[in-house]
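Descriptive analysis of the structure
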Amino acid sequence: MRTVKTYPEAWPLHTPFVIARGSRTEARVVVVEVEEAGVKGTGEATPYARYGESEALVLKQIATLLPQLQQGLTREALQQALPPGAARNAIDCALWDLAVNQQQQTLWQLSGTAMPSSVVTAQTVSIDTPEAMASSALALWQNGATLLKIKLDNSYITERLMAIRAAVPEATLIVDANESWQAEGLAARCQLLADLQVTMLEQPLAAGEDAALANFIHPLPICADESCHTRDSLPSLRGRYEMVNIKLDKAGGLTEALALAEAAAKMGFEVMLGCMLCTSRAIRAALPLIPQARYADLDGPTWLAVDVEPAIEVQSGKVIITASAAD
Ligand SMILES: [Mg+2]
């Protein structure tokens, strides 16, 4: 018989995080702990309002599965028991972690993936005035970050991007509009991005308006984030996006995320690995996807005033995987 604990946590940010949909001052996560014969597994997820999730809903979804979890629900059975989302993610990651600790293998060994020692991660410049965004980009660059993810909404696109490019002429820039742009005018904006050597544009249009990207010739790759959750999302993205942003919270866990990465690669999509505002616990769970990702965007914990554990460190634009994280 397993013991299962579920609880929410709030982690204050050191700086407000601003994207097209709004501003955040704390990361609110849900944690699942599963214990079996003295061995524990922990999983974390971030409920996301954009996908109809609240902390209360996610806690309730987990509570409905408690009897089955206590009686030994497997990861395979879990995939059918809950829809993709934060609740399934927290449980899935707890079950992976439990298996890691029970079998005394690493998450890489268990998932059949290769462990890198470190990986370059994007660091986010959140929305502000052009001057403030340029100085934030410069500060990140001076601190060693080489890949910057620029959050934009529907205004001051040229001003913001030109100020940032002038401040960090050599940085690799990717742009995330978080669904805030319209099809009309998109071509001119894509050209502006290409002229400023931006290397990728993430989710310019609202999910559901992907059809506007069909037969749309664009000079830089476009990546689906809000439009891509699981393998079921892929057929409608074909011919519209070149890349998909995989996040454990959207996929409903590492199990589906690994399957999604494999299916996406087979269909010719490049993969980006992303995260929500979260602690290092959530980053650690996603690490097996790193070898498949062209871009890793795992800076969630760098926004926290204090992080949960030191095993994963993000410094100088890199996720450093210490020996203890491999356990
Ligand atoms: Mg995004």
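Attention here is on the structure that accompanies the text. On a predicted model such as this, the values are computed, not experimentally measured, just so you know. (Residues numbered from 1 in each chain as written. Predicted model: local features only at pLDDT ≥ 70, side-chain atom pairs only at ≥ 80, totals over all residues. Heavy atoms only, no water.)

Comments concerning the sheet that holds strand S2 (residues 22-36)
What counts is decided by this rule: Here, a strand pair is defined by DSSP locating no fewer than two bridges between the strands. Going along the chain from the N terminus, every DSSP run of H or I of four or more residues is numbered as a helix, and every run of E of two or more is numbered as a strand. Here an angle of 0 to 180 degrees is reported between the N-to-C directions of two axes, which are lines fitted to C-alpha atoms, with helices fitted over the stretch in contact. We call two residues in contact whenever any of their non-hydrogen atoms come within 4.5 Å of each other.
As summarised here, the arrangement of the three strands in space is S1-S2-S3, forming an open sheet in which the pairing is antiparallel. Two strands close off the open sheet at either side, each with one partner strand: strand S1 (3-19) and strand S3 (39-45). Shown here is a sheet whose adjacent strand axes are inclined to one another by a mean of 20 degrees, direction ignored. Here seven bridges tie S2 to S3, and the two strands are oriented antiparallel to one another. Bridge pairing links Glu-33 to Thr-42 in S3. Packed onto the sheet, helix H4 (residues 86-103) meets S2 and S3 and runs at close to 150 degrees relative to S3.

What about unusual backbone geometry?
Where we set the bar: Relative accessibility under 20% of the residue-type maximum defines a buried residue, over 50% an exposed one, and the middle range a partly exposed one, all with a 1.4 Å probe and only protein chains included.
Not every positive phi belongs to a glycine, and Asn-178 is a case in point at roughly 45 degrees. For Asn-178, a relative accessible area of 5% puts it in the buried group. At Gln-197, a residue that is not glycine, the phi angle is positive and equals roughly 55 degrees. Relative to the helices and strands, Gln-197 is located in the loop between helix H8 (186-195) and strand S8 (198-202).

Details of the coordination of the magnesium ion
Operational definition: Only nitrogen, oxygen and sulfur atoms within 2.8 Å of the metal, or 3.2 Å for Na, K and Ca, are treated as donors, and water is left out, so sites may look incomplete.
Donor atoms from the polypeptide that bind the magnesium ion are Asp-176 (OD), Glu-202 (OE) and Asp-225 (OD), placed at 2.1 to 2.3 Å. Here the donor residues of the magnesium ion are spaced in sequence according to D-x25-E-x22-D. Residue Asp-176 is located in strand S7 (residues 172-176), and its partner Asp-225 is located in the loop between strand S9 (222-224) and strand S10 (243-246); the two are separated by 49 residues in the primary sequence. By the burial criterion, Asp-176 is buried, and Asp-225 matches it.

Quick word on the packing of helix H1 (residues 55-64) against H4
Just so we agree on the cut-off: With respect to orientation, any angle under 35 degrees is reported as roughly parallel, any angle over 145 as roughly antiparallel, any angle of 65 to 115 as roughly perpendicular, and every other angle as oblique. Handedness of a crossing is defined here by the sense of rotation of the near helix relative to the far one, left-handed for an anticlockwise turn of less than a right angle and right-handed for a clockwise turn. Residue polarity is assigned by list, with Asp, Glu, Lys and Arg as charged and Ala, Val, Leu, Ile, Met, Phe, Trp, Tyr, Cys and Pro as nonpolar; anything else, Gly included, falls into the polar class.
Viewed as axis vectors pointing N to C, H1 and H4 meet at an angle of 55 degrees, and their least axial separation amounts to 8 Å. Viewed along their axes, H1 and H4 adopt a mutual orientation that is oblique. Judged by the sense of rotation from one axis to the other, the crossing of H1 with H4 is right-handed. Between H1 and H4, the contacting residues are Val-58, Gln-61 and Ile-62 on the first element and Ala-86, Ala-87, Ala-90 and Ile-91 on the second. Residue classes in the contact of H1 with H4 are distributed as six nonpolar, one polar and no charged.

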